[in-house]
Amino acid sequence: MADGSGPSPIRTTCPYCGVGCGVSALPGSGRALAVAGDKAHPANYGRLCSKGTALGATVGLEGRLLRPEIGGRPATWEAAIRRVAQAFNRTIERHGPDSVAFYVSGQLLTEDYYAANKLMKGFIGSANIDTNSRLCMASAVAAHKLAFGADLVPGCYEDLELADLIVFSGHNAAWTHPVLVRRMEQARARGQAWVVVDPRRTDTADMADLHLAIAPQSDVRLWNGLLAELIRRGVVDRAFVEAHVSGFDDLQKALEADDQGPAAVTQDCGIALKDLIRFYDLFARTERTVSLFSMGANQSAQGVAKGLSILNAHLVTGRIGKPGACPFSITGQPNAMGGRETGGLANTLAAHMDFDAEAVDRVARFWSAPNTAAKPGLKAVDMFEAVRDGHIKALWVMATNPAVSMPNSGRVREALARCPFVVVSDVMAETDTTAFAHVKLPALAWGEKDGTVTNSERRISRQRPAFPAPGEARADWRIIAEVATAMGHGEAFGWRNPAAVFREYARLTAFENTRRPLNLGPLIDLTPAEYDALAPVQWPPTPGGGDTPRLFADGRFATLDGKAKLNVVHPQGPASAADGAFPFSLNTGRVRDHWHTMTRTGLAADLCRHAPEPYVAIHPEDAVAFGVEEGALTRLRTAQGEAVAVARLTDRQRRGGLFMPMHWTDAFAPSGRSNGLIGQAVDPRSGQPEFKHTPARVSAYRETWLAFFIDRRIQSPPRQLDLIWRRTPQDACQLYEIAGRGDDRERARLIAALAPDSAGETLTFTDPGTGAFRRAVILKERLERLLFIAPAGLALPPRDWLASLFELERLGQEERMSLLAGRKIGAPMDTSPVVCACLKVRESAIVKAVTGGAVTVDAVAAATAAGTNCGSCRTQVAGLIARHAVPAGDDRDAA
């Protein structure tokens with residue numbers, strides 16, 4: 001209000017990536033929510049990426065699960081809790097505690113994680129609880145424990161600003177962590193250098209001073225070669241190694257056993273010698289170096305070795321625990337760190353304790369749980385294999401979608417279908433995984449949750465609710481506590497609020513703690529009011545509750561002797577090599593504006609414009625050799641399955657490599673799911689799957705017809721038709737792209753299913769000569785649905801104008817006349833891609849600005865507004881400048 005007496009924004013935390021940005025959220029009427037970055041939060045200082053900026057568009061109740069269901073029918077909470085408790089108790093009585101399992105999510109809050117871990121490991125007596133963070137950073141966890149003695153990220157975001165060199169190893173930060181990229185912009189302006197190690201030329205690589213497009217799975221070879229070169233050049237901090245590091249002699253001897261010469265390394269890594277030498281020079285001379293590594297390094301059958309090879313390089317140079325110098329594992333999920341801290345992984349116990357006898361006894365006494373699990377449980381891939389072969393008979397999936405996200409997901413679906421009892425707690429009613437649930441439990445979504453998360457720099461922040469719980473949805477920790485109570489463990493789960501859960505967790509971190517760095521002792525006495533007002537804090541908190549930005553600043557590590565350990569690692573090839581049958585290396589990953597399986601970002605039409613459909617990126621020369629054309633549907637096959645996606649020909653893709661995004665599900669594109677293609681190979685120590693290399697082959701799909709269908713409602717593919725089907729949300733409707741390989745009878749069945757001529761007022765155009773068909777259905781003067789079909793080779797009109805007609809409450813005469821033409825008569829259409837999702841700025845406008853003289857990102861921003869909100873598109877803008885700017889002295893425009 002003008003006098004400043006209006007409601008105050010709620011300070012909370014973004015639910016997407018591990019950066020953990022502070023969000024200022026101001027609820028309006030109904031479910032309206034105005035979102036901005038929290039300028040006081042030390043993770044982002046007011047910045048948000050495109051996904052965070054669009055949070056307000058994702059908080060509606062469309063598709064929400066709002067009351068419990070048993071067998072697909074609504075049920076009371078009492079009945080649902082009783083059903084879950086009885087099923088788990090009965091299974092445990094008959095088959096033992098290891099016959100049940102929890103598969104949980106990095107989307108959970110720390111309080112939820114703590115409750116789930118306590119129930120499974122403490123009171124059920126099994127360690128069969130694992131998190132989907134296993135798929136993200138389990139290799140980094142294992143590497144940290146081997147090198148540092150505990151799972152500890154030594155640095156902080158300030159180090160990214162203080163560093164003179166950033167090495168991105170398998171990390172496309174421009175897409176996955178754009179807010180951190182924005183934090184580095186000032187450092188770049190003063191001369192900070194960037195090196196990107198990635199087989200793909202990503203947007204981050206475009207911004208880098210040096211891009212090392214290494215061959216798939218050759219990372220260890222590269223980092224070992226660097227380490228040998230550092231030793232040869234004498235760039236070893238001998239005093240630091242002598243005082244604080246063990247294993248140097250063994251490591252040096254192991255390196256000497258292989259040819260570490262630059263020529264051999266370049267040959268194995270597939271990069272130019274001059275580029276390798278430049279990398280060596282940059283790393284050798286730059287004291288303030290931060291090496292960021294993420295899924296591109298971790299998601300490998302040798303992910304732990306990759307992490308250790310990076311840690312080795314920092315330990316021998318003493319570049320750790322210092323401002324601007326550290327190895328930095330960056331996580332993907334908002335609270336993956338909270339899961340790691342509370343024991344959400346099957347091979348850790350709780351509060352950074354392992355399954356040694358002393359720790360098991362300590363935790364059992366703290367929980368008063370004498371049956372506390374004494375050995376690790378099954379990691380994610382092994383867990384679903386145990387479900388599939390019948391050893392696990394009751395499974396609880398919390399806030400995640402393994403039917404899509406797990407590797408070889410077809411096999412995971414078989415496991416879920418065979419499991420005698422599956423319970424899923426989720427916010428959405430219909431996901432690929434809830435389709436297998438015997439019981440569905442409605443959980444709170446972001447905007448309703450109340451608890452804490454930990455980001456990648458160990459900063460604990462509050463996630464606060466902007467809305468009351470809708471329907472009958474409940475907090476995850478409360479659901480778990482009620483099931484635990486119904487199972488007979490009520491005394492241990494009698495928390496009345498999330499503050500009580502947090503205090504208990506904090507007490508456990510401090511309990512008999514003489515040397516574990518994870519110690520939240522200063523926070524164990526928080527009152528509910530203090531908990532509610534808790535400011536972001538980096539653990540371990542100081543006695544006064546302040547931050548600890550860096551670990552190991554004193555050279556003391558978390559090992560028994562206080563020294564970090566250098567680990568010998570040997571390079572290996574991919575778990576499954578490409579061959580004549582499957583000649584390509586398939587790499588999977590994220591796109592800029594989507595997150596995970598789109599249960600949240602798929603609700604925001606603006607976030608669906610940047611990459612509206614599943615695609616496969618392929619080098620143009622490879623495409624020619626295999627008959628694949630730009631924009632054409634392309635079939636991918638691996639030993640595990642097949643998918644169909646749109647081909648994108650680009651020299652950003654290394655020869656012999658393919659890239660496919662991971663987000664699409666049955667709800668959006670059943671044929672475009674990538675993870676059904678991925679093999680079962682995992683890192684033997686971390687259990688992390690090899691998402692970054694699967695042998696594959698490609699071929700043209702060769703459809704006989706194409707169609708698009710626009711409807712106000714969400715539709716499923718017509719049954720008994722073998723179609724390629726994908727859905728893209730628009731502002732007022734849903735756009736479906738459809739293709740088939742059948743004949744006229746197939747198209748007739750499609751028309752009958754989607755646009756029968758008896759539904760409302762219909763306008764129809766048919767061309768028997770070409771086989772083209774177009775139909776519009778109008779109800780009460782409002783456009784209801786459209787179906788356009790054309791034989792392969794005949795173009796369909798652009799969709800944007802047609803989709804915009806669904807925003808009208810009444811079609812005018814002009815729109816009616818133009819409807820079946822597919823375009824507004826006399827008006828040119830801009831069909832170029834949307835670059836700036838926040839402000840809907842298209843590529844054509846940016847190119848026009850560039851050719852008109854705007855040759856810097858800021859100049860383009862001033863001319864078009866692109867990149868002025870979240871900044872996630874600024875790298876793409878820079879790429880357009882590089883491609884379209886007229887060189888100085890070129891007078892073509894003046895001709």
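Residues numbered from 1 in each chain as written. Predicted model: local features only at pLDDT ≥ 70, side-chain atom pairs only at ≥ 80, totals over all residues. Heavy atoms only, no water.

Colleague: Can you help me understand the overall build of the protein chain in this one?
Modeller: A tally of regular secondary structure across the protein chain gives 30 helices and 34 strands. For a compact globule of 895 residues, the expected C-alpha radius of gyration is about 29 Å, and the protein chain comes in at 28 Å, within 12% of that figure. Across its three principal directions, the C-alpha atoms of the protein chain cover 80 × 75 × 70 Å. With 895 residues in all, the protein chain has 61% of them scored as buried. Contacts spanning at least 24 positions in sequence make up 71% of the contacts within the protein chain whose residues lie at least 6 apart. Each charge class in the protein chain was averaged separately, 101 positive and 97 negative side chains, and the resulting centres sit 2 Å apart. (Helix = DSSP H or I, 4+ residues; strand = E, 2+ residues; numbered from the N terminus. Rg over C-alpha atoms; globule rule 2.2 N^0.38 Å. Buried < 20%, exposed > 50% of the residue type's maximum accessible area, 1.4 Å probe, protein only. Contact = heavy atoms within 4.5 Å. Lys, Arg positive; Asp, Glu negative; His and termini not counted. Charge placed at Lys NZ, Arg CZ, Asp CG, Glu CD.)

Colleague: Where do I start with the sheet that holds strand β17 (residues 451-454) in this structure?
Modeller: Within a sheet, neighbouring strands are paired by backbone hydrogen bonds and run either parallel or antiparallel to one another. Here we have three strands laid out as an open sheet, ordered β17-β18-β19, and antiparallel in their pairing. Of all strands in the sheet, those with a lone pairing partner are β17 and β19 (537-538), marking the two edges. For strand β18 (residues 459-463) and β19, the ladder comprises two bridges, and the chain directions are antiparallel. Bridged to Ile460 within β19 is Val537. (Pairing = 2+ DSSP bridges.)

Colleague: Help me understand the packing of helix α29 (residues 857-864) against helix α30 (residues 874-884) in this model?
Modeller: Each packed pair of helices is defined by two parameters, the angle between the axes and the distance between the axes. Where α29 contacts α30, the axes come no closer than 9 Å and their chain directions differ by 100°. The orientation of α29 with respect to α30, classified from their angle, is roughly perpendicular. Every residue of α30 that contacts α29 at Val857, Asp858 and Val860 is listed here: Arg874, Val877, Ala878 and Ile881. Class assignment of the residues belonging to the contact of α29 with α30 gives a composition of five nonpolar, no polar and two charged. (Axes fitted to C-alpha atoms, helices over the stretch in contact; angles between N-to-C directions. Parallel < 35°, antiparallel > 145°, perpendicular 65-115°, else oblique. Nonpolar A, V, L, I, M, F, W, Y, C, P; charged D, E, K, R; others polar.)

Colleague: Can you help me understand the sheet that holds strand β6 (residues 100-104) in this one?
Modeller: Spatial ordering of the open sheet is given by β5-β4-β16-β15-β14-β6-β7, a layout of seven strands whose pairing is mixed. Because the sheet does not close on itself, it has two edges, and the strands there are β5 (73-74) and β7 (129-131). Where strand β4 (residues 69-70) lies against strand β16 (residues 439-442), two bridges are found, and the strand directions are antiparallel. Each residue of the ladder has a partner; that of Ile70, found in β16, is Val439. On the sheet, helix α21 (residues 476-489) packs against β14 (394-398), β15 (421-426) and β16 and is oriented at approximately 160° with respect to β14.

Colleague: When you look at the nonpolar core in this model, what are you seeing that I'm missing?
Modeller: Soluble globular proteins tend to bury their nonpolar side chains together. Judged by nonpolar contacts, the single largest core of 127 residues is most densely connected at Phe88, Phe102, Leu222, Phe279 and Trp396. Ala43, Leu292, Cys326 and Ala466 belong to the second-largest nonpolar core, a separate cluster that totals 40 residues. (Core = buried A, V, L, I, M, F, W, Y, C linked by side-chain atoms within 4.5 Å.)

Colleague: Would you take a moment to explain the pairing of strand β24 (residues 642-649) for this structure?
Modeller: Within a regular strand, side chains alternate between the sheet's two faces. Bridge analysis of strand β22 (residues 615-618) against β24 gives four bridges, and the strand direction is parallel. When the sheet's bridge partners are listed, Ala617 is paired in β24 with Arg648. Examined bridge by bridge, strand β23 (residues 633-637) and β24 share five bridges and lie antiparallel to one another. Across the sheet, Leu636 pairs through a bridge with Ala643, a residue of β24.

Colleague: Looking at this structure, how should I read helix α22 (residues 498-510)?
Modeller: Three or four residues apart is the spacing at which side chains of an α-helix point the same way, because the helix has 3.6 residues per turn. Taking 1.5 Å per residue as the helical rise, α22 with its 13 residues ought to reach 18 Å, and the 19 Å between its terminal C-alpha atoms agrees with that figure. Within α22, ten of the 13 residues are buried, which leaves it mostly tucked inside the rest of the structure. At the exit of α22 stands Glu512, carrying a positive phi of roughly 45°. (Expected span 1.5 Å × (residues − 1).)

Colleague: Would you take a moment to explain helix α11 (residues 248-256) for this structure?
Modeller: The set of residues buried in α11 consists of Phe248, Leu251, Ala254 and Leu255. Down the axis, α11 shows its buried residues gathered within 130° of arc, on one side only. In α11, the exposed positions angled more than 90 degrees off the buried face are occupied by Asp249, Asp250, Lys253 and Glu256. Taken together, the buried residues of α11 touch α9 (219-233), α10 (238-244), β11 (245-246) and α15 (303-316). (Arc of directions from axis to C-beta.)

Colleague: I would appreciate a short explanation of the pairing of β18 in the present structure.
Modeller: Within β18, five of the five residues are buried, leaving the element largely enclosed by the surrounding structure. Where burial is concerned, the two faces of β18 agree: the one with Arg459, Ser461 and Gln463 and the one with Ile460 and Arg462 are both buried. The sheet contact formed by β17 and β18 spans four bridges and is antiparallel. From the neighbouring strand, Thr454 faces β18, where its bridge partner is Ile460.

Colleague: Teacher, can you tell me more about empty space enclosed by the protein here?
Modeller: By rolling a water-sized probe across the atoms, one finds the places where empty space is left. Inspection of the entire model under this criterion finds four cavities of 30 Å³ or more. The calculated volume of the largest cavity comes to roughly 90 Å³. Along the walls of the largest cavity sit Cys14, Tyr16, Cys17, Val19, Gly20, Cys21, Leu48, Cys49, Gly52, His177, Pro178 and Val179, which together make up its complete lining. Considered class by class, the residues forming the lining of the largest cavity number nine nonpolar, three polar and no charged. (1 Å grid on protein atoms, 1.4 Å probe; cavity = no way out; pocket = protein on both sides within 12 Å on 5 of 7 lines; lining within 4 Å. Points joined across faces, edges and corners; volume = space filled by probe spheres on them.)

Colleague: How should I be thinking about the confidence of the model for the protein chain in this particular structure?
Modeller: Note: predicted coordinates in regions of low pLDDT should not be interpreted at a detailed level. When pLDDT is averaged along the protein chain, the result is 94, and 98% of the positions lie at 70 or above. Considering only residues more than four positions removed or in separate chains, one finds that residues 891-895, a stretch of pLDDT under 50, has four contacts. (pLDDT = per-residue confidence, 0-100.)

Colleague: Looking at this model, I keep getting lost on the pattern of salt bridges. Mind explaining?
Modeller: Should their charged atoms come close, side chains of opposite charge can pair. Within this structure, the stated rule accounts for 62 salt bridges. The residue Arg609 makes a salt bridge to Asp731 at a minimum N-O spacing of 3.1 Å. In this pair, Arg609 sits in the loop between β21 (584-589) and β22 while Asp731 sits in the loop between β28 (724-729) and β29 (734-740), placing the two residues 122 residues apart along the sequence. The class for Arg609 is partly exposed, based on a relative accessible area of 23%. A relative accessible area of 44% places Asp731 in the partly exposed class. Several salt bridges converge on common partners, so that one network encompasses Arg201, Asp203, Asp206, Asp651 and Arg652. (Salt bridge = Lys/Arg side-chain N within 4 Å of Asp/Glu carboxyl O.)

Colleague: Which parts of the structure should I look at to understand the side chain of Ser291?
Modeller: Relative to the elements of secondary structure, Ser291 occurs in strand β12 (residues 289-293). Within the structure, Ser291 has its side chain in polar contact with the side chain of His314 (distance 2.7 Å). (Polar contact = N/O pair within 3.5 Å; in protein donor to acceptor, adjacent residues only side chain to side chain.)

Colleague: I tried to follow unusual backbone geometry on my own but got confused; where do I start?
Modeller: Trans is the prevailing form of peptide bonds, just as negative phi is the prevailing case for residues other than glycine. Geometrically, the link from Trp539 to Pro540 is a cis peptide bond, its omega value of -5° lying close to zero. Inspection of the secondary structure puts Pro540 in the loop between β19 and β20 (564-565). Residue Lys780 is not a glycine yet carries a positive backbone phi of 50°. Under the relative-accessibility criterion, Lys780 is labelled exposed at 82%.

Colleague: Please explain the packing of aromatic side chains as it appears in this structure.
Modeller: What describes a pair of aromatic rings is the distance from one ring centre to the other and the angle between the planes of the rings. Applying the stated criterion across every chain yields a total of 28 aromatic pairs. Look at Phe88 and Phe102: their rings are 6.0 Å apart centre to centre, the planes differ by 65°, and that puts the pair in the edge-to-face class. In this pair, Phe88 sits in helix α2 (residues 77-95) while Phe102 sits in strand β6, placing the two residues 14 residues apart along the sequence. Neither residue differs from the other here; Phe88 and Phe102 are each classed as buried. Taking 5.1 Å as the distance between ring centres and 80° as the angle between the ring planes, the aromatic pair formed by Tyr103 and Phe384 counts as edge-to-face. Of this pair, Tyr103 sits in strand β6 while Phe384 sits in helix α18 (residues 380-388), and the two are 281 residues apart along the sequence. The exposure class of Tyr103 is buried, given its relative accessible area of 0%. (Phe/Tyr/Trp six-rings, centres within 6.5 Å; stacked < 30°, edge-to-face > 60°.)

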